[in-house]
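Spelled out from the first residue to the last, the chains are:
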Amino acid sequence: MRILFYLMPAVVYIPVGIYLYHFMKRLLSLFRIKRSKKADKIISVVFAVACAAAGWRVYDVGSVAVLYFVGCSLLLDGVHRLLKRYLNKNRGVRIWNVIHKSGIIPILVVSILFTYGYINIYQVRETAYTLQSDKISGEGLRIAQISDLHMGTTMGVEELRGYCEKIQAKEPDILFLTGDIFDERTEKSMMEEAASILGHIDAKYGVYYVWGNHDPNHYSAQAEYSMEELRRVLADSRIQVLEDEAVQVAPELAVIGRMEQSLDRNRKSVQELAADLEPGSYQIVLDHRPVELEENAAAGVDLQLSGHTHAGQIWPTGQLAELLGINEMNYGLKNIDGFHAIVSSGIAGWGYAVRTGGHSEYVLIDVKP
C-alpha cells in the first residue's frame, strides 16, 4: 500500500508533465517565442516541472488544480479538433485558435470550480432520514451522526459549537461520532475543546465514538497528541470510545463499534461482537469505512453508519472509487433486505477548504416503530 502511495504521483504526473510541456510550447507560439527553440524548450520544461511539483502530493490542493486544468484542457483539445475539421479558415476560427492556445477557458473553469468548492464546503446541511423497524417501540429513536469533521481544517471551535447547538435543538436520543473527527492538523488545545463541546450534547443514551483512519495522527511525523491521550480526553468528555466492542445501550437498542480497518486488519467479525447482545434488539454498527455491508446484512444488523468517503470531496473521485470497488458506497442510504446503510459526506472536509463533490452535512435519523 505504501509503495502504491509513492508510485501514484509518478504514474499520474509523468504523462501530465509531458502534456503541460506541449501546452506551454503551444502557448508560447502566440508570442512568437517559438522562433527561439532553446528558450521555447527551457520555459516549457520549467513550467511542466513546476506544475508537476505543485501537484506531486496527489491528495493536496495543488494537485486538484493541476488535474482539473489538464482535464479541461484535454476536453478543449477535442473540441478544437472538431472545429478545425468542420469550420472554414475565417476570422472566427483564427480567434478561436488564440483562445485555444492561451488556455484561458481551462483557467476560468478551474477558477469557477474552486470558487464553488470553497463556498460549498462551508455550507453545512442537515440531512434527515426516516426508517422503520418493528424492534423499536414508543415514540421511536432519534439518532444524530457527525462524521469526518477533521477539526481545524475548515471548521473551528465556535463553528462546531453552533452546529452542536442546532443538533441539540433536535433532541437526539443518541449521538454517534463515526471517525475522523480529528486529524494530523488538529492542535491539541482544539482537540480538547472540540471533545468537550461534543461530549456536552445532552442525549438520552449518550455519545459514542469510533476511530477513523486520521484520528490517531499516524500520517504525521510530529503528532500533537497520541492515540492514548485522545482516548483519555474523549473519556473525560463523557464520550464512549468503542474499539471492536458491543454495548447493550437499552433493552431494545444495541451499538457495535468497529475498530478502524486500517488500525486492525484482524478485527473481530460482527457475529462475534454481537454474540452477547439481547436477542431482538435493534443493532447499529458504527464503522468509519462503508465496508462489509453484505456481511452485516447477513448477520442481522439493522443499521450501519459510516463516513470516510466525504461523498467524493473532489469530483469525480467518489464516483470512481465506488465504480472501481474501492468503496462499497460513496454516499447516502442503501437498503439490503431490510438492513440499512447510511454513509455521511461529513460535516467538513480534509486537507483543504475545497469541496467540488458532495456537500457538508450532519445527519439525523428517525427510526419509527
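Above this text you will find the structure in question.
The notes below deal with the structure included here. Residue positions are given per chain, counting from 1 as you read along its sequence in written order. Totals for whole chains, interfaces and linings use all residues, but because this is a predicted model, local features are given only for residues with pLDDT of at least 70 and pairs of side-chain atoms are given and counted only at 80 or more. No hydrogens and no water enter the side-chain calculation; it runs on all heavy atoms of the structure.

**Quick look at the overall build of the protein**
For helices the rule is a DSSP run of H or I covering at least 4 residues; for strands it is a run of E covering at least 2, with both sets numbered from the N terminus onward. Broken down by element type, the protein carries eleven helices and twelve strands. For the protein, the spread of C-alpha atoms along the three principal axes comes to 80 × 45 × 40 Å. Whether a residue is buried, partly exposed or exposed follows from its accessible area with a 1.4 Å probe, protein chains only, as a fraction of its type maximum: under 20%, in between, or over 50%, in that order. Counting only residues that meet the buried cut, the protein has 50% of its 369 residues in that class. As presented, the protein carries roughly 18500 Å² of accessible surface, and 57% of it is formed by carbon and sulfur atoms. Values of accessible area rely on a 1.4 Å probe in the Shrake-Rupley scheme; residue burial ignores everything except the protein chains shown.

**Digging into helix α7 (residues 188-199)**
A helix is expected to span 1.5 Å for every residue after the first. The terminal C-alpha atoms of α7 lie 16 Å apart, and with twelve residues this matches the ideal 16 Å at 1.5 Å per residue to within 8%. For α7, the full list of buried residues reads M190, M191, A194, A195, I197, L198 and G199. Residue contacts follow a heavy-atom distance rule, with two residues in contact if any of their heavy atoms lie within 4.5 Å. Turning to α7, the residues buried within the fold contact β2 (141-146), α6 (157-169), β3 (174-177), β4 (207-209), α8 (227-236) and β5 (239-241).

**A closer look at the sheet that holds β2**
Read from one edge of the open sheet, six strands run β1-β12-β2-β3-β4-β5, paired in mixed fashion. The outermost strands of the open sheet, each flanked by one partner alone, are β1 (124-132) and β5. Across the sheet, the axes of successive neighbouring strands diverge by a mean angle of 25°, strand direction being ignored. Relative to β3, β2 runs parallel, the two being bridged by four bridges. In the sheet register, I143 faces β3, and the bridge partner there is I174. Between any two strands, pairing holds if DSSP finds at least two bridges. Whenever a helix is involved, its axis is fitted only over the stretch in contact; in every case the axis is a line through C-alpha atoms, and angles between N-to-C directions fall within 0 to 180 degrees.

**Let's talk about the pattern of salt bridges**
The rule for a salt bridge is simple: a side-chain nitrogen of Lys or Arg has to be within 4 Å of a carboxyl oxygen of Asp or Glu. Throughout the structure, instances matching the rule amount to 13 salt bridges. We note a salt bridge from R231 to E228, for which the minimum N-O separation is 2.6 Å. One end of the pair, R231, and the other, E228, are both in helix α8, three residues apart, so they sit about a helical turn from each other. Shared partners join several salt bridges into a network, and the residues in it are D244, R258, R267, D287 and E292.

**Focus on a nonpolar patch on the surface**
Residues enter a patch when their relative accessible area is above 30% and they make no salt bridge; the linking distance is 9 Å between like charges and 5 Å between nonpolar side chains (Val, Leu, Ile, Met, Phe, Trp, Tyr). Where nonpolar side chains cluster on the molecular surface, the patch consists of I104, I107, L108 and I112 and spans about 370 Å² of accessible area. Mapped onto the fold, I107 is located in helix α5 (residues 104-121).

**Considering the environment of E193**
You can see E193 is positioned in helix α7. Once the C-alpha coordinates of E193 and G156 are considered, the two residues, 37 residues apart in sequence, prove to be 9.9 Å apart.

**Details of α8**
All buried positions along α8 are accounted for by M227, L230, V233 and L234. Viewed end-on, α8 has its buried residues packed into an arc of 125°, placing them on one side of the element. In the core, the buried residues of α8 are packed alongside α7, β4 and β5. Just downstream of α8 lies R238, where phi reads positive at about 65°. The reported arc concerns the directions from the helix axis to the C-beta atoms and nothing else.

**Re the sheet that holds strand β10 (residues 332-336)**
Paired through backbone hydrogen bonds, the strands of a sheet run either parallel or antiparallel to each other. Reading across the sheet, the six strands line up as β6-β7-β8-β9-β11-β10 and stay open at both edges, with mixed pairing between neighbours. The open sheet has two edge strands, β6 (245-250) and β10, and neither has a second partner. For this sheet, the mean angle separating the axes of adjacent strands, direction not counted, is 20°. For strand β7 (residues 253-257) and strand β8 (residues 282-286), the ladder comprises five bridges, and the chain directions are parallel.

**Here's the deal with the packing of aromatic side chains**
Two numbers describe a pair of aromatic rings. These are the distance of the centres and the angle of the planes. Aromatic pairing here means that ring centres of Phe, Tyr or Trp (its six-membered ring) are within 6.5 Å. Orientation follows from the plane angle: under 30 degrees is stacked, over 60 is edge-to-face, and everything else is tilted. Enumeration according to the criterion identifies six aromatic pairs in this entry. Ring centres 5.1 Å apart and planes at 65° place the aromatic pair Y118 and Y122 in the edge-to-face group. A centroid spacing of 6.2 Å and a plane angle of 50° characterise the contact between F176 and Y208, whose relative ring orientation is tilted. In this pair, F176 sits in strand β3 while Y208 sits in strand β4, placing the two residues 32 residues apart along the sequence. Taken as a pair, F176 and Y208 share a single burial class, namely buried.

**Remarks on the layout of surface pockets**
In this structure, the second largest pocket spans a volume of roughly 250 Å³. Together, 16 residues line the second largest pocket, and E139, G140, L141, D173 and K204 are the ones closest to its centre. Secondary-structure elements contributing two or more residues to the lining of the second largest pocket are β2 and β12 (360-368). Ranked by residues supplied to the lining of the second largest pocket, first place goes to β12 with three residues. Residue polarity follows a fixed list, in which Ala, Val, Leu, Ile, Met, Phe, Trp, Tyr, Cys and Pro are nonpolar, Asp, Glu, Lys and Arg are charged, and the others, Gly among them, are polar. Class assignment for the residues of the lining of the second largest pocket results in six nonpolar, two polar and eight charged. The way it works is a 1 Å grid over only the protein atoms, where trapped points that fit a 1.4 Å probe form a cavity and open points with protein on both sides within 12 Å along at least five of seven lines form a pocket, and then any residue with an atom within 4 Å of a point lines it. Grid points are joined across faces, edges and corners, and a volume is the space filled by probe spheres set on the points.

**Overview of the packing of α7 against α8**
Where α7 contacts α8, the two axes come as close as 9 Å, and the packing angle between them is 30°. By the angle class used here, α7 and α8 are roughly parallel. Pair α7 / α8 crosses with right-handed handedness. On the side of α7, the interface is formed by K188, M191, E192 and A195, while α8 contributes E229, L230, V233 and L234. To sort the angles, those under 35 degrees are grouped as roughly parallel, those over 145 as roughly antiparallel, those from 65 to 115 as roughly perpendicular, and the leftovers as oblique. Helix crossings get a hand from a simple test, with the near helix turned counterclockwise from the far one by less than a right angle marking a left-handed crossing and a clockwise turn marking a right-handed one.

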